[in-house]
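Here's the letter readout for the chains.
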Amino acid sequence: MYPQIEINLEKLEDNARRLISLCREQGISVSLVTKVLAGNKEIVERLASLGFSHIADSRLENLELFKGIKLQKMLLRLPMISEAERVVETADLSLNSEIETIKALNKAARELHTVHKIILMFDLGDLREGVFYRDDYSGLIREILALENIELTGIGANLTCYGGVIPDQDNLNELIAIKNKIETGFGIKLRIISGGNSSSLYLLKKNQIPEGINNLRIGEALFLGRETAFGKRFAGLHEDAFILKAELIEVKEKPSYPIGSIFMDSFGKIPKIVDKGPMRRGILAIGKQDVYPENLIPLGDYEVIGGSSDHIILELAGDLKVGDVLAFRVNYPGLLQLMSSKYVHHVYL
Ligand SMILES: *Cc1c(COP(=O)(O)O)cnc(C)c1O
């Protein structure tokens, strides 16, 4: 049934093994970041036993689906105060930056007679989540350490998410400086120093991850084979573990430029279309409800030129005909959309 996403579990296992062993050589554990899978348990079950330290996801709904899998669960997105109890029930540890939320987690953990572990996030300049690294955080640490049902397990940073700031030895050394300051200032040991996501991997290859960083949270490199600081293929990982296949429902020779007065397309944008003369055009039975056309990478003699909610329009070369099935690789936003669409069938290889 089409559209379908073909999931090559062996390629994913290969990628997982390589990443885990590369990190292990440098004393770094890998948290398996599953959020792009939108709760797909088949894939997570296959990967969970290969040596990851945690299953990490942004959404509790997904972590709840992975409940039966024996690996510690890490909540990646900062918790909502309103879901504190569910966080403590579902996740062994969560990333945090707000004392009010941490207090709510403490209260929930007390009521559930347990201890909830947290990783305190520091913002090293990318300006997404975390305590700003130049601020004075000693009062915050003191408050956290006073909470009986919270364990400050570690600290972490997240880069290349909002500001596009790439990890380097300077900013990661700031994280190590924070670790040292907290450990000596408060006489505690931080077990996890989590130095980022797939954008930190290029440093690993160059042996430039500062001593002391002992965890990375990896999604994109594992699933799509790319590091994300420079968008390059990483360490020979497979880039094609996920392949989208969709079927042509129309193939016709038509002009490339619309006829009539042009205003808005179906998504309210004014289209920019170049007149290339007559063109062989195809329409695929998949649309923006499933994936935005710009997120597809064609694996043949065809080019994506646009789309609407239920159609993707292509320029075709060669002799493709109605009923033919075309294949595409996808980028990370594309994979996220496809895995989230209930109209895209999953096929396991
Ligand atoms: C998504 C996410 C990651 C993983 O990022 P990738 O680029 O997919 O490796 C790591 N940490 C946090 C906090 C995230 O939200």
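Refer to the structure presented above.
Residues numbered from 1 in each chain as written. Predicted model: local features only at pLDDT ≥ 70, side-chain atom pairs only at ≥ 80, totals over all residues. Heavy atoms only, no water.

(A) Local environment of the overall build of the protein. Regarding its fold elements, the protein presents 10 helices and 17 strands. With respect to the three principal axes, the spread of C-alpha positions in the protein is 75 × 45 × 40 Å. Residue pairs in contact within the protein that sit at least 24 positions apart in sequence constitute 65% of those at least 6 positions apart. Looking at the protein as shown, the accessible area adds up to about 16400 Å², and 49% of this sits on carbon and sulfur atoms. Here the protein contributes 42 positively and 47 negatively charged side chains, and the mean placements of these two sets differ by 2 Å. (Helix = DSSP H or I, 4+ residues; strand = E, 2+ residues; numbered from the N terminus. Contact = heavy atoms within 4.5 Å. Areas by Shrake-Rupley, 256 points an atom, 1.4 Å probe, with all protein chains shown as cover. Lys, Arg positive; Asp, Glu negative; His and termini not counted. Charge placed at Lys NZ, Arg CZ, Asp CG, Glu CD.)

(B) Structural view of the site of the ligand. Neighbouring the ligand are 14 residues; Lys35, Ser198, Arg217, Gly219 and Glu220 lie closest to it. In this structure, an oxygen atom belonging to the ligand sits 2.5 Å away from a side-chain N or O atom of Ser198. In the environment of the ligand, an oxygen atom lies 2.9 Å from a nitrogen or oxygen atom belonging to the backbone of Gly219. When atom positions are compared with the pocket grids, the ligand is found to occupy the second largest pocket. Its residues assigned to classes, the shell around the ligand comprises 5 nonpolar, 4 polar and 5 charged. (Near = heavy atom within 4 Å. Polar contact = N/O pair within 3.5 Å; in protein donor to acceptor, adjacent residues only side chain to side chain. 1 Å grid on protein atoms, 1.4 Å probe; cavity = no way out; pocket = protein on both sides within 12 Å on 5 of 7 lines; lining within 4 Å. Sits in = over half its atoms within 2 Å of the grid points. Nonpolar A, V, L, I, M, F, W, Y, C, P; charged D, E, K, R; others polar.)

(C) Molecular detail of the environment of Gly300. Considering the arrangement of structural elements, one finds Gly300 in the loop between β13 (296–298) and β14 (302–308). For Gly300, a relative accessible area of 40% corresponds to the partly exposed category. The spatial distance from the C-alpha of Gly300 to the C-alpha of Asn214 is 42 Å, given a sequence separation of 86 residues. (Buried < 20%, exposed > 50% of the residue type's maximum accessible area, 1.4 Å probe, protein only.)

(D) Here's a closer look at the pattern of salt bridges. In total, this model carries 16 salt bridges according to the counting rule given. Of the charged contacts in the structure, one is a salt bridge between Glu111 and Lys107, with a shortest N-O distance of 3.5 Å. Of this pair, Glu111 and Lys107 both sit in helix α5 (residues 99–111), 4 residues apart, which is roughly one turn of the helix. Salt-bridge contacts for Glu129 lead to Arg128; the nearest nitrogen and oxygen are separated by 2.7 Å. The class for Arg128 is partly exposed, based on a relative accessible area of 43%. Sharing partners across several salt bridges, the network here consists of Lys179, Glu183 and Lys189. (Salt bridge = Lys/Arg side-chain N within 4 Å of Asp/Glu carboxyl O.)

(E) A look at the layout of surface pockets. Roughly 980 Å³ of volume is contained in the largest pocket. Along its surface, the largest pocket is lined by 31 residues, and Pro271, Ile273, Ile305, Gly306 and Gly307 are the ones closest to its centre. Contributing elements (two or more residues each) for the lining of the largest pocket: β11 (242–255), β12 (278–284) and β14. Per-element tally for the lining of the largest pocket: the top contributor is β14, with 6 residues. Partitioned by chemical class, the residues of the lining of the largest pocket number 17 nonpolar, 4 polar and 10 charged. Of the pockets and cavities examined, the second largest pocket occupies roughly 610 Å³. Taken together, 27 residues make up the lining of the second largest pocket; nearest its centre are Val33, Lys35, Ser58, Arg128 and Tyr332. (Points joined across faces, edges and corners; volume = space filled by probe spheres on them.)

(F) Local environment of the nonpolar core. With 101 residues, the main nonpolar core has Ile43, Leu47, Leu120, Phe122, Phe223 and Phe242 as its most contacted residues. In contact with Phe223, other than residues within four places in its own chain, are Leu12, Leu32, Val33, Val36, Leu37, Ile43, Leu47, Ala241, Phe242 and Leu335. With 9 residues, the next largest nonpolar core counts Ala56, Leu95, Ile119 and Ile192 among its residues. (Core = buried A, V, L, I, M, F, W, Y, C linked by side-chain atoms within 4.5 Å.)

(G) Geometry of helix α2 (residues 41–48). Taken together, the buried positions of α2 are occupied by Ile43, Val44, Leu47 and Ala48. All buried residues of α2 project into a common sector of 125° when viewed along the axis, lining one side. Where α2 begins, the capping side chain belongs to Asn40, and its oxygen is found 3.1 Å from the backbone nitrogen of Glu42. (Arc of directions from axis to C-beta.)

(H) Quick look at the packing of aromatic side chains. Within this structure, the stated rule accounts for 6 aromatic pairs. On the basis of an interplanar angle of 75° and a centroid distance of 5.0 Å, the ring pair of Phe122 and Tyr137 is categorised as edge-to-face. With Phe122 in strand β6 (residues 116–123) and Tyr137 in the loop between β7 (131–132) and α6 (138–145), this residue pair connects regions lying 15 residues apart in the sequence. For the residue pair Phe122 and Tyr137, the accessibility class agrees, reading buried in each case. (Phe/Tyr/Trp six-rings, centres within 6.5 Å; stacked < 30°, edge-to-face > 60°.)

(I) Quick look at the packing of α5 against α6. One can describe the packing of α5 onto α6 by two numbers: an axis separation of 11 Å at closest approach and a directional angle of 5°. Looking at the two axes, α5 sits roughly parallel to α6. When α5 is examined against α6, the residues Ile99, Ile102 and Lys103 are found in contact with a partner set consisting of Leu140, Glu143 and Ile144. (Axes fitted to C-alpha atoms, helices over the stretch in contact; angles between N-to-C directions. Parallel < 35°, antiparallel > 145°, perpendicular 65-115°, else oblique.)

(J) Summary view of unusual backbone geometry. Between Tyr2 and the following residue, Pro3, the backbone shows a cis peptide bond with an omega angle of -5°. Of note in the backbone geometry, Thr160 takes a positive phi value of approximately 60° without being a glycine. Its location among the elements puts Thr160 in the loop between β8 (150–157) and α7 (169–186). In this structure Thr160 comes out as partly exposed when scored by relative accessible area, which is 22%. Within the chain, Ala235 stands out as a residue other than glycine whose phi angle is a positive 50°. Residue position: Ala235 is located in the loop between α9 (220–224) and β11. Residue classification places Ala235 among the buried residues on the basis of a relative accessible area of 17%.

The analysis is restricted to geometry; functional conclusions fall outside its scope.
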